[in-house]
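# Architecture at a glance
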Amino acid sequence: MSIIRTDQQFPFLSQLAGRQRTHSRTLHLEMIESNREISQFLKLPIATPVYYLRCLCLLDEVPSVLERCWIVQKLAPGFAARYNQESSDVCDLLKHAYSFSFFHGEEEISIVAPSPEEQVLLPSQEYVRMQGVLLVNETTPVVYYDHLALPELYVFSAREGG
Amino acid sequence: MVDYHSPMYLQLRETILEKIKSGVYLPGQAIPSEREMASFYGVNRMTVKHAVSTLVEEGLLYRIHGSGTFVKAVPGKIDVGAGGFGGLSIGIRAAGMIPQSKVLYLHRQPASPEIAALFSCDPQEMFYHLGRVRQADSHPFSVQYAVFPAAYFPGALEIDFSKASLYEFMGQMGRAPVAFKDSVQAVAACPKLAKLLELSPGQIVFQCDYLSYDKDNCLVEQNRSFFRPDKVTFKLHLHIE
């Protein structure tokens with residue numbers, strides 16, 4: 001069954017799955033220096049410290065989304081320790097541990113082919129790619145994310161104009 | 001380049017043009033009246049008239065006496081209908097290409113139970129069904145199926161929708177779509193759809209379902225469109241509290 005994803009929701013499976021059982025397996029969490037691409041998305045000088053988090057998310061025990069995000073360290077200090085000790089939910093930490101509210105952002109949705117490594121983790125011939133930046137205070141990027149989801153997992157929905 | 005020192009009518013022309021390009025004003029949609037713009041921007045009404053007239057002469061706007069001024073075309077963009085502002089918008093990788101349409105069918109028939117329920121109308125009401133393949137430089141990028149009420153749009157059967165814009169036609173009838181309820185998902189193309197889009201059967205495509213509403217919040221169109229994934233991306237504009 002597809003999951004509805006609206007423009008008023010965080011782009012993480014744990015927030016979107018509703019009553020369906022989710023479980024995530026952390027593949028990678030460390031502080032790194034931002035490269036050119038990440039720096040451009042987060043509007044940072046190159047080599048700025050960011051947390052890199054990569055998780056394989058399962059829905060009802062089926063690998064469904066490969067979630068990758070980069071979080072500005074200066075805005076979320078101690079994120080790695082809090083993620084390991086307090087909560088393995090990015091949205092939960094952002095909202096409660098760091099008291100961020102009123103996120104804005106723009107997400108690009110496309111269809112892509114997997115790399116061999118990705119296909120081992122998330123078996124599928126094609127993925128829906130969700131790539132975007134979350135901003136706080138309307139102007140400050142705090143998270144850049146680049147997720148790969150099984151193609152028929154999400155239905156993206158919005159109401160415009162009027 | 002237009003800046004603060006440029007004549008006021010040119011500054012206003014630039015503002016209107018930017019709204020057309022960015023999709024704030026959709027093809028077929030009426031722009032605010034000259035009186036409204038003069039009041040809002042605090043300029044002389046003749047200044048507004050001059051700005052609008054330049055865009056009419058350039059073929060980007062057209063006037064309907066007694067109804068208003070409407071958007072005719074979007075420079076460099078292919079009009080695929082919904083989106084352009086708000087929650088979900090579409091980007092077509094077709095910049096510089098020549099847009100074309102091929103009509104698969106256009107006919108009029110009574111509402112199905114599903115259509116009657118959706119439009120809250122009597123099952124005897126007549127609806128137009130329009131199927132088109134949208135192309136850029138003769139290569140398909142989208143297949144679109146639109147359903148719209150015959151009562152709102154008399155004479156649609158006489159329109160050549162391989163050349164005319166559906167939304168421009170709707171605007172001429174005073175019911176240009178101005179609000180949309182969209183959803184987008186990835187689906188596997190059935191053999192018939194795959195053939196129309198020049199893809200292999202089973203290949204993943206975007207399916208976009210939307211309902212279009214006019215300025216009076218009347219439902220004027222139900223649309224299901226399919227897009228080649230190599231030709232389009234979608235943007236979701238996030239507002240999360």
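Further up the page is the structure itself.
To keep things clear, this report deals only with the structure shown in the data block. What you see is a predicted model, and the numbers here were worked out from it, not measured in a lab.

### A word on the overall build of chain A
Check the secondary structure of chain A and you find five helices and eight strands. Helices (α) and strands (β) of chain A occur, in sequence order from the N terminus, as β-α-β-α-β-β-α-α-β-α-β-β-β. The C-alpha radius of gyration computed for chain A amounts to 15 Å, which stays within 12% of the reference 15 Å derived for 162 residues, consistent with globular compactness. Seen along its three principal axes, the alpha-carbon backbone of chain A occupies a region of about 45 × 40 × 30 Å. A separation of at least 24 residues holds for 58% of the contacts in chain A among residues at least 6 apart in sequence. Taking the average location of the 13 positive side-chain charges in chain A and that of its 20 negative ones, the two points are 3 Å from each other.

### Points about the packing of helix 2 (residues 34-41) of chain B against helix 3 (residues 45-57) of chain B
Residues and elements named next belong to chain B. Their axes nearest at 8 Å, the elements helix 2 and helix 3 cross at an angle of 120°. Considering the angle they form, helix 2 stands oblique to helix 3. By crossing handedness, the relation of helix 2 to helix 3 is classed as right-handed. When helix 2 is examined against helix 3, the residues Glu34, Arg35, Met37 and Ala38 are found in contact with a partner set consisting of Arg45, Val48, Lys49 and Val52. When its residues are assigned to classes, the contact of helix 2 with helix 3 shows four nonpolar, no polar and four charged.

### Structural notes on the side chain of serine 142 of chain B
Residue and element names in this part refer to chain B. Relative to the assigned elements, serine 142 resides in strand 6 (residues 139-149). Taking relative accessible area as the criterion, serine 142 reaches 0% and is therefore assigned buried. One polar contact links the side chain of serine 142 to the main-chain carbonyl oxygen of phenylalanine 226, over a distance of 3.2 Å. Once you skip the residues sitting within four places of it in the chain, serine 142 turns out to touch Arg132, Val133, Arg134, Leu197, Ser225, Phe226 and Phe227.

### A look at the interface of chain A and chain B
With 32 residues of chain A at the contact, the number on the chain B side is 33 residues. In this assembly, chain A packs against chain B so that about 2900 Å² is buried in total across both faces, 56% of it on carbon and sulfur atoms. Linking chain A with chain B are one salt bridge, by the criterion used here. Ionic pairing is found between glutamate 108 of chain A and lysine 235 of chain B, a salt bridge with its closest N-O pair at 3.6 Å. For the pair chain A and chain B, the interface holds ten residue pairs in polar contact (both at pLDDT 80 or more). Sorting the residues of the side of chain A that touches chain B by element identifies strand 1 (3-6), strand 5 (103-112), strand 6 (127-136) and strand 8 (154-161) of chain A as the ones contributing at least two each.

### As for the nonpolar core
What tends to happen in soluble globular proteins is that the nonpolar side chains get buried as a cluster. Core analysis: the largest hydrophobic core is formed by 67 residues, its most contacted members being Phe79 and Tyr154 of chain A. Met37, Val48, Val52 and Val71 of chain B belong to the second-largest nonpolar core, a separate cluster that totals 16 residues.

What counts, and at which threshold
- Residues numbered from 1 in each chain as written.
- Chains lettered and ligands numbered in written order.
- Predicted model: local features only at pLDDT ≥ 70, side-chain atom pairs only at ≥ 80, totals over all residues.
- Heavy atoms only, no water.
- Helix = DSSP H or I, 4+ residues; strand = E, 2+ residues; numbered from the N terminus.
- Rg over C-alpha atoms; globule rule 2.2 N^0.38 Å.
- Contact = heavy atoms within 4.5 Å.
- Lys, Arg positive; Asp, Glu negative; His and termini not counted.
- Charge placed at Lys NZ, Arg CZ, Asp CG, Glu CD.
- Axes fitted to C-alpha atoms, helices over the stretch in contact; angles between N-to-C directions.
- Parallel < 35°, antiparallel > 145°, perpendicular 65-115°, else oblique.
- Left-handed = near helix turned anticlockwise from the far one by under 90°.
- Nonpolar A, V, L, I, M, F, W, Y, C, P; charged D, E, K, R; others polar.
- Buried < 20%, exposed > 50% of the residue type's maximum accessible area, 1.4 Å probe, protein only.
- Polar contact = N/O pair within 3.5 Å; in protein donor to acceptor, adjacent residues only side chain to side chain.
- Buried area = accessible area lost by both parts, 1.4 Å probe.
- Salt bridge = Lys/Arg side-chain N within 4 Å of Asp/Glu carboxyl O.
- Core = buried A, V, L, I, M, F, W, Y, C linked by side-chain atoms within 4.5 Å.

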